[in-house]
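Here is what each chain is made of, one letter per residue.
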Amino acid sequence: MAVLEVKDLNVSYMTKKRPPFHAVKDANLTIDAGEIVGLVGESGSGKSTLGTAVLRLLDPPGTITSGQVIFDGKDITRASEDEIRPLRWAEMSTVFQSSMNALNPVVNIGKQFKDVIEAHTNMTEREIERRTAELLEMVNIDPSFSRFYAHELSGGMKQRVAIALALALQPRFVLLDEPTTGLDVVVQQAILDNVKRIQKEFGFAVLMISHDLGAIMEIADRVAVMYQGQLVDDQPARDLLLRPKHPYSRVLIGSYEDLWQPASGSAAEDASSDASGQPITRAFGGKAPVDIAARHGMDADETRMLGMDDLQAIAEATAQDPAVVRAPAEASAHEAVMVIENISKHYTRRRGLTKTRVDAVSDVSFTLRKGYITALVGQSGSGKTTIGRLITGIEKPDSGSILFGEQRVDQFARRDLKEYRRHVQLVFQDPYSALNPAHTIVHTLTRPLANFMDVSGRAARQRVAEMLEQVGLTPAEQFIDKYPHQLSGGQRQRVVVARALLSEPEIVIADEPTSMLDVTIRAEILEILNRLVRDKGIAMLYITHDLLSARALADEILVLNKGRIVEGGDANQVISEPQHDYTRLLLSSIPNPFAEGLVAD
Amino acid sequence: MAMQEGRTFGLETAAEDLAPEPYDTGKRTRFKVPNGLAIMWANRKSRTGLILLALFVVVGIFAPWIAPYDPRAGIFMPLAPPSGENWLGTTQLGEDVYSQLIYGTRTSLIVGILAGGLATIIGLIIGMIAGYAGGWVDEVLSFFINVFLVIPTLPLMITFAAYSPIKGVTTVIIVIGVTGWAWGARVKRSQMMSLRERDYITAAIFSGEPMWRIVFREILPNMTSLIVAGYIGAAGAAIGAEAGLAFIGVGDPLTISWGTMLYWADNSGALLTGQWGWLIPPGLALALLITALTLVNFGVDAISNPHLREE
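In this text, all values refer to a predicted model and were calculated from it rather than measured experimentally.

Rules behind the numbers
Each chain has its residues counted from 1, running along the sequence as written. As they are written, the chains are lettered A onward and the ligands numbered 1 onward, keeping that order. Since the coordinates come from a predicted model, pLDDT governs what is reported: local features require at least 70, and pairs of side-chain atoms require 80 or more to be given and counted, while whole-chain, interface and lining totals use all residues. Strands here mean DSSP runs of E at least two residues long; helices mean DSSP runs of H or I at least four residues long; both are numbered from the N terminus. Three exposure classes are used. Buried residues have 20 or more other C-beta atoms within 10 Å of their own C-beta, exposed residues have 12 or fewer, and partly exposed residues fall in between, all C-beta atoms being placed from the backbone. What counts as a contact is two residues whose backbone-derived C-beta atoms lie within 7 Å of each other. Angles shown run from 0 to 180 degrees and are taken between the N-to-C directions of axes, each axis being a line fitted to C-alpha atoms and, for helices, limited to the stretch in contact. Roughly parallel means an angle under 35 degrees; roughly antiparallel means over 145; roughly perpendicular covers 65 to 115; every other angle is labelled oblique. By convention, the crossing between two helices is left-handed when the near helix turns anticlockwise from the far helix through less than a right angle, and right-handed when the turn is clockwise. Nonpolar residues are Ala, Val, Leu, Ile, Met, Phe, Trp, Tyr, Cys and Pro. Charged residues are Asp, Glu, Lys and Arg, and all others, Gly as well, are polar. The rule for pairing is simple: two strands pair if DSSP sees at least two bridges between them. Here a helix's expected span is defined as the number of its residues, less one, multiplied by 1.5 Å. For each domain, the first and last residues come from an automatic or database assignment. Comment: arc refers to directions from the helix axis out to C-beta atoms. For the purposes of this analysis, a nonpolar core is taken to be any set of buried Ala, Val, Leu, Ile, Met, Phe, Trp, Tyr and Cys residues that are connected through C-beta atoms within 7 Å. A score between 0 and 100, pLDDT records how confident the predictor is in each residue. With strands facing away from the observer, any crossover in which the path from the first strand over the helix to the second runs clockwise is taken as right-handed.

## Some points on the overall build of chain A
When helices and strands are counted, chain A shows 24 helices and 20 strands. When each of the 601 residues of chain A is scored for burial, the buried share is 51%. Contacts in chain A between residues far apart in sequence, at least 24 positions, make up 71% of those at least 6 positions apart.

So, in structure tokens, the structure goes:
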């Protein structure tokens, strides 16, 4: 029996000033009792709007313009707040991406469970305590943790508490909106396993929204795909993998499938052939629609605006497009730019009377080479960002040395640092905070030229335009005078890459440069980084938690765990023959939607 | 005023994180971004405030043409009740109250603009330096900010004003500016500390930007709405403070302002003799002007926080 039925639902954001924005168009979706349904789509596709509309949590200016939401046989589309309130939490509850931050910071965990249970049931104090303990155990958290406050728990634990809290009253329907986004793979895996197990036990229905097809495939029975406000595909998970109906689903699945195709290491191409404008990559292959689109002179955002026919054509074109295979470059062929030897860094935390020592980085050594990409892979808290900070000179190591040419970066004075920064540039994670919203692109990009290269005025503008063309923002004149808010996330990230390259650095540090971007744009940004770094002979340190993208881009992978490098070597080899348990754990935590599907074939 | 600023500050960062999807899809929705004034005009509260404020400004500028008589000319019968000739009656010296009310607008606006500006500038400089520099510089400056926050402002102002060698509007402006900057400094310091951590500031450092450029060219433009909101709040507070000082009698009793009108009205027992036309209009005008400024600030809030926009 259907717990939730959505019939011809339309949701618009209506404002007086702007034309109405139709976020959800004629959506039809049915969720049966005890069924897990996944909803995928890129950001802006309307999936979260659909989710909030179903729960009747839409804020103005968002309104349901037509259609029906039927919960448990009852039409709640126009039900009043008073009618809905008893249903919330008791019958339908939700876990948002930021739910972990929604825990009350001044009340301990146990009290928050108590508040929820008290508000909806007549349980006694003792019963509530027992129920809280059960709920926490359900998500693999020791009941003694109910004394703790939110800030004393890790991100993954907080999210699990949020899930337990959502299930406190045994609802019949739970909406999970990006429940694991922002958590690293190992934690994500643990949470998804939890949800799967609890769901089996209690049999509630789940609608899980995510941009990450892998995470969805991990638990969903059925998957719906959303594209530009429309539900374009809706079928059992396995069928979707094998027979995607809509071109967009095909494109989406394609970009994941490629991640799992083993890289061929036999083609001993050297780096120079990549420089000739051939698209990489072993991992993203030719199937990302953006690659094809780029070759037709379009950018990803235009691709997203394509009609269905175009997508169809692109999907077909890609199907015949052989993936270009590139083998990792040989390390010895590349000149060393930076040599890092046995660096360590620890922090001391004082909490109450006790001091704890945190070893952020212990005895780490590696070398950055010209035109060569080194990936530093690890979970959050593994010390990979600290290593980045040590290399840029923002922080100094406790011991060990960082040699840039003949210079000791770890002994730089303030004045040396300023000069040094010209040679080491950063690519940031969040394109939305990496560009000053108050300045135009050309202003932001001419600053490094003026400061480091002594180029200004028309010459600087010329250089900026050339660089924009190189990162694929063509024609440059169309972008150069814009403000960051006028650009999409992918375009902003290209500007960020352009800025890093303008001072002609020897080293570029890219800290998770794609993790905030849509799957389809990620391949593009990696492609640009790959091409430019090899073209210009820059040494790149690619910091990421994502082993697969590291394989796609890097020549060498270093796996970092608790501040130590546990494994390192040729990118392909680390992935295909992991030696260390931790590497295996990381690999096995990456959702692989194709494992089952391929066997079934 | 403090509340107002605090609110703006708190929500500004939140707004960026929580912007609803359809607004940040960038290129796909080719919306023209409305400029500041349009957003303020779209907000009903702030539109009311802007109209009211414009009214006061017009009255202030054109006072000589609007006022029927010279406000200093004691040519009428003293302490007369409202009549066709003197709409709001006359003072103890036989001056026209209505004309004084009109001219008083000038004083209030000037004090608001200048004293509010002075307090904002002092607060901005101290707050920005404390927030950006951090370390011992921050410790020292924060100490001064805190001292000025805990000293009761009114007695301090009275003391300054009473002992100042020259009396006049300038003294009042300086006294208000020097005593009223601390809240603004505190708010700007925290905003600075939050903006300093943004990636684009790190990026600017890596673009080789010197410190002064980072503070004034990278960070300052992103604080504009906060500064404007702070300024408007400070102006309102300054107008109130001027009236308060004048009413107590520590201002210059010869200046024509709403405060001195109330001072003289009180001295002449206007309340007892039932001269409502001398007492109520200046008070009402004060309340209206400060309300207008507060309402305008709702619009400034809406600029920094899209969630508060009325569209």
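Following the structure, the description resumes.
## A look at the overall build of chain B
When helices and strands are tallied, chain B shows 15 helices and zero strands. By the burial criterion, 43% of the 311 residues in chain B qualify as buried. Put simply, 73% of the contacts in chain B that link residues at least 6 apart link residues at least 24 apart.

## Let's talk about the packing of helix α16 (residues 441-453) of chain A against helix α19 (residues 489-502) of chain A
Residues and elements named next belong to chain A. Axis separation between α16 and α19 bottoms out at 8 Å; the angle between their running directions is 20°. The orientation of α16 with respect to α19, classified from their angle, is roughly parallel. Between α16 and α19 lies a crossing of right-handed hand. Of the residues in α19, those touching α16 at Ile441, Thr444, Leu445, Pro448 and Leu449 are Val495, Ala498, Arg499 and Leu502. Its residues assigned to classes, the contact of α16 with α19 shows seven nonpolar, one polar and one charged.

## Considerations on the sheet that holds strand β16 (residues 424-427) of chain A
Residues and elements named next belong to chain A. Here we have six strands laid out as an open sheet, ordered β16-β17-β18-β13-β19-β20, and mixed in their pairing. Looking at which strands have only one partner, the edges of the open sheet turn out to be β16 and β20 (564-570). Between one strand and the next, the sheet's axes are offset by a mean angle of 20°, whatever the strand orientation. As paired strands, β16 and strand β17 (residues 507-511) are joined by four bridges and run parallel to one another. Following the sheet pairing, Gln425 is matched in β17 by Val508. On top of the sheet, α19 reaches β16 and β17; it is set at about 180° to β16, its chief contact.

## Considering helix α12 (residues 224-248) of chain B
Residue and element names in this part refer to chain B. Taking 1.5 Å as the rise per residue, α12 with 25 residues should run 36 Å; its terminal C-alpha atoms sit 36 Å apart, in good agreement. Counting buried positions along α12 gives 19 out of 25 residues, so the element sits mostly inside the fold. After α12 finishes, the residue Gly249 shows a positive phi value of roughly 105°.

## Structural notes on the domain arrangement of chain A
Residues and elements named next belong to chain A. Domain annotation of chain A identifies domain 1 (1-79 + 174-245) and domain 2 (92-170). Across the contact, 18 residues belong to domain 1 and 17 residues belong to domain 2. Per element, the largest residue contribution to the side of domain 1 that touches domain 2 is seven residues, and it comes from helix α6 (residues 185-202). In terms of residue class, the side of domain 1 that touches domain 2 is made up of 13 nonpolar, three polar and two charged.

## Remarks on helix α3 (residues 44-61) of chain B
One turn of an α-helix holds 3.6 residues; hence residues three or four places apart share an orientation. All names here are of chain B. An ideal rise of 1.5 Å per residue puts 26 Å on 18 residues; α3 measures up with 26 Å between its terminal C-alpha atoms. All of the buried residues along α3 are Ser46, Gly49 and Leu53. For α3, the buried positions fall inside an angular range of 55° around the axis, keeping them on one side. Set apart from the buried face of α3 by more than 90 degrees, the exposed residues are Arg44, Ala54 and Val58. Among the structural elements, α2 (36-42) and α15 (276-304) are those in contact with the buried residues of α3.

## Quick look at the nonpolar core
Across soluble globular proteins, nonpolar side chains have a tendency to be buried as a group. Core analysis: the largest hydrophobic core is formed by 156 residues, its most contacted members being A:Ala375, A:Leu529, A:Met540, A:Tyr542 and B:Ala238. Ranked by the residues each element gives to this core, the list is headed by α12(B), at 14 residues. Grouped together as the second largest cluster of nonpolar side chains are 78 residues, A:Val3, A:Phe96, A:Leu135 and A:Ile253 included.

## Focus on the sheet that holds strand β4 (residues 62-71) of chain A
All names here are of chain A. With respect to topology, four strands assemble into an open sheet ordered β2-β1-β4-β5, the strand pairing being antiparallel. Unpaired on one side and paired on the other, β2 (21-32) and β5 (74-75) mark the two borders of the sheet. Direction of pairing for strand β1 (residues 2-13) relative to β2: antiparallel, over a ladder of eight bridges. Within β2, the position partnered with Ser12 by the bridge is His22.

## Brief notes about the environment of A:Ala168
Residues and elements named next belong to chain A. Tracing the chain through its elements places Ala168 in the loop between α5 (155-166) and β7 (173-177). What makes Ala168 buried here is the crowd of 23 C-beta atoms within 10 Å. When residues no more than four places from it in sequence are discounted, the contact partners of Ala168 are Phe113, Val116, Ile117 and Leu135.

## Description of the pairing of strand β14 (residues 399-404) of chain A
All names here are of chain A. With two bridges connecting them, β14 and strand β15 (residues 407-408) associate as antiparallel partners. In the strand pairing of β15, Leu403 is matched with Arg408. Hairpin connection from β14 to β15: two residues lie between these consecutive antiparallel strands, with Gly405 at a positive phi of about 65°.

## Details of the environment of B:Gly240
Residues and elements named next belong to chain B. In this structure, Gly240 sits in helix α12. Judged by C-beta crowding, with 20 C-beta atoms within 10 Å, Gly240 ranks as buried. Between the C-alpha atom of Gly240 and that of Leu289, which follows or precedes it by 49 residues, the distance is 9.6 Å.

## Re unusual backbone geometry
A:Thr474 connects to A:Pro475 through a cis peptide bond whose omega is -10°. Among the secondary structure elements, A:Pro475 is positioned in the loop between α17 (457-470) and α18 (477-480). For A:Asp72, which is not a glycine, the phi torsion comes out positive at approximately 55°. Even without a glycine there, the phi angle at B:Leu79 is positive, about 55°. Take B:Leu79: it is sitting in the loop between α4 (63-66) and α5 (97-133).

## Quick look at the packing of helix α13 (residues 258-267) of chain B against α15(B)
Residues and elements named next belong to chain B. Relative orientation of the contacting elements α13 and α15 amounts to 155°, with a least axis distance of 9 Å. Comparing their axes, α15 and α13 come out roughly antiparallel. Remark: the crossing between α13 and α15 carries left-handed chirality. Across from Trp258, Met261, Leu262 and Ala265 in α13, the residues of α15 making contact are Trp278, Leu279, Pro282, Gly283, Ala285 and Leu286.

## Description of the confidence of the model for chain B
All names here are of chain B. Summary statistics for chain B give a mean pLDDT of 83 and a share of 87% for residues scoring 70 or more. For chain B, helix α1 (residues 2-18) is the element with the lowest average pLDDT, namely 36, and α3 is the one with the highest, namely 94. Low pLDDT, under 50, characterises residues 1-33; the stretch is placed with 53 contacts to residues that sit more than four places away or in other chains. Among the scores for the predicted complex, ipTM is 0.72 and pTM is 0.74.

## Considering the pairing of strand β18 (residues 539-544) of chain A
Residue and element names in this part refer to chain A. When you tally the buried positions in β18, you get six out of six residues, the bulk of the element. Where strand β13 (residues 372-377) lies against β18, six bridges are found, and the strand directions are parallel. Across the sheet, Ala375 pairs through a bridge with Tyr542, a residue of β18. In this sheet, β18 lies alongside β17 in parallel orientation, the contact comprising five bridges. In the strand pairing of β18, Ile507 is matched with Ala539. Each parallel crossover has a hand, and the one from β17 via helix α20 (residues 519-535) to β18 is right-handed.

## Regarding the environment of B:Arg44
Tracing the chain through its elements places B:Arg44 in helix α3. Separated by 254 residues in sequence, B:Arg44 and B:Phe298 place their C-alpha atoms 9.2 Å apart.

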